[in-house]
Amino acid sequence: MAIDLSDFENGADYDGDYGDDLKALTERLARIQAAYINHGRTAIIAFEGWDASGKGGAISRLTASWDPRWYEVWPIGAPTQEERERHFLWRFWKALPAKGEIKIFDRTWYGRVLVERVEGFCTEAEWKRAYDEINEFEAQQKDNGVTLVKLFMHITQKEQDRRFKDRLDCYWKRWKTGKDDYRNRARRDDYLKAYHTMFERTDTRWAPWKVIDANNKKTARIAVMTYVADRLEAGVDMKPVEADPEVLALAKAAFG
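These figures come from a predicted structure and were not determined experimentally.

Caption draft 1: Local environment of the pairing of strand β5 (residues 209–213). In terms of burial, β5 is a largely internal element, four of the five residues being buried. In this sheet, β5 lies alongside strand β4 (residues 146–154) in parallel orientation, the contact comprising five bridges. When the sheet's bridge partners are listed, histidine 154 is paired in β5 with aspartate 213.

What follows is the structure, given as structure tokens:
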């Protein structure tokens, strides 16, 4: 069944103990990262969504217990001149995770069929061709043993406007908003059309989309962390590994 963003606009308050559930998920995610490191597994977590939909906040909670040596967040902005002179996927190939690593993309290769399509930064032939190129790229990651998680953070226009105003009213949040936010806001209908086609063409069995109702931040953060934990666990052996005999011998010599 096709994804309809209007199905994700409830914005219900979190039904549970947010603090306790956040702590439990944080501890669970720490164990998951340890399993990925121990078993040399790799994962990609891809975030898309509206401006001010809470991607950054969700990523901060998601990674709160992770060792920074084994994960990295890539905030994707406009391509550089060097990147524009190459295939649009080139800069993402360079950022793929090594064994034991988890890479998080705050916006992704879907920019080709979203902002670049809507704003005319590429030709119609280029963005139409990109759906197949993206599907092939994601299939290659799966075939290479990468766990790929794709999330879309959805908020209504009313909620987005409230968050934009909040950012302007708070001195410490003003850096989060700029002219691009209002340019994108003015073209919401065009983006909705682009999102619809994106879901229709790239919600595949090997790389499905998960839409998060992000109209309530606490509910959205728990939903993101739960879904990511479920998907990452499915991609790794969660059994604890045996201790290295040489390390045990050294410990015995040191501690008796």
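Caption draft 2: Here's a closer look at the packing of aromatic side chains. Tallying each qualifying case throughout the model produces 17 aromatic pairs. Clustering of aromatic rings is evident, with ring pairs tying together Trp50, Phe92, Trp93, Phe105, Trp109, Tyr110, Phe137, Phe152, Tyr191, Tyr195, Phe199 and Trp209. Directly above the aromatic system of tryptophan 90 lies the positively charged group of arginine 86, at a separation of 4.5 Å from the ring centroid. When the ring centre of tryptophan 127 is taken as reference, the NZ or CZ atom of arginine 117 above it lies at 4.1 Å.

Caption draft 3: Structural view of the sheet that holds strand β2 (residues 71–75). The parallel open sheet is built from five strands, whose spatial order is β2-β3-β1-β4-β5. Every other strand in the sheet has two partners, leaving β2 and β5 as the edge strands with one partner each. Pairwise comparison of adjacent strand axes, ignoring direction, gives a mean angle of 20° for this sheet. As judged from the eight bridges shared by strand β1 (residues 42–49) and β4, these two strands associate in the parallel manner. By the bridge assignment for β4, phenylalanine 47 is matched with leucine 151. Here helix α2 (residues 55–62) sits on the sheet and contacts β1, β2, β3 (102–106) and β4; the angle it forms with β1, its principal contact strand, is near 155°. Lying over the sheet, helix α10 (residues 217–234) contacts β1, β3, β4 and β5, oriented at roughly 165° with respect to β4.

Caption draft 4: View of the environment of threonine 156. Secondary-structure assignment places threonine 156 in the loop between β4 and α7 (157–169). Separated by 148 residues in the primary sequence, threonine 156 and phenylalanine 8 place their C-alpha atoms 9.0 Å from one another. If near-sequence neighbours (up to four positions away) are discounted, threonine 156 is found in contact with Glu9, Arg188 and Asn215.

Caption draft 5: Representation of the packing of α2 against α10. Viewed as axis vectors pointing N to C, α2 and α10 meet at an angle of 55°, and their least axial separation amounts to 9 Å. Between α2 and α10, the angle is such that the two are oblique. Between α2 and α10 lies a crossing whose hand is right-handed. The residues of α10 that touch α2, namely those facing Gly57, Ala58, Arg61 and Leu62, are Arg221, Val224, Met225 and Val228. Along the lines of polarity and charge, the residues of the contact of α2 with α10 split into five nonpolar, one polar and two charged.

Here is what the cut-offs are and how they apply
Residues numbered from 1 in each chain as written. Predicted model: local features only at pLDDT ≥ 70, side-chain atom pairs only at ≥ 80, totals over all residues. Heavy atoms only, no water. Buried < 20%, exposed > 50% of the residue type's maximum accessible area, 1.4 Å probe, protein only. Helix = DSSP H or I, 4+ residues; strand = E, 2+ residues; numbered from the N terminus. Pairing = 2+ DSSP bridges. Phe/Tyr/Trp six-rings, centres within 6.5 Å; stacked < 30°, edge-to-face > 60°. Lys NZ or Arg CZ within 6 Å of the ring centre and 35° of its normal. Axes fitted to C-alpha atoms, helices over the stretch in contact; angles between N-to-C directions. Contact = heavy atoms within 4.5 Å. Parallel < 35°, antiparallel > 145°, perpendicular 65-115°, else oblique. Left-handed = near helix turned anticlockwise from the far one by under 90°. Nonpolar A, V, L, I, M, F, W, Y, C, P; charged D, E, K, R; others polar.

Remember, this is a structural readout, not a statement about activity or role.
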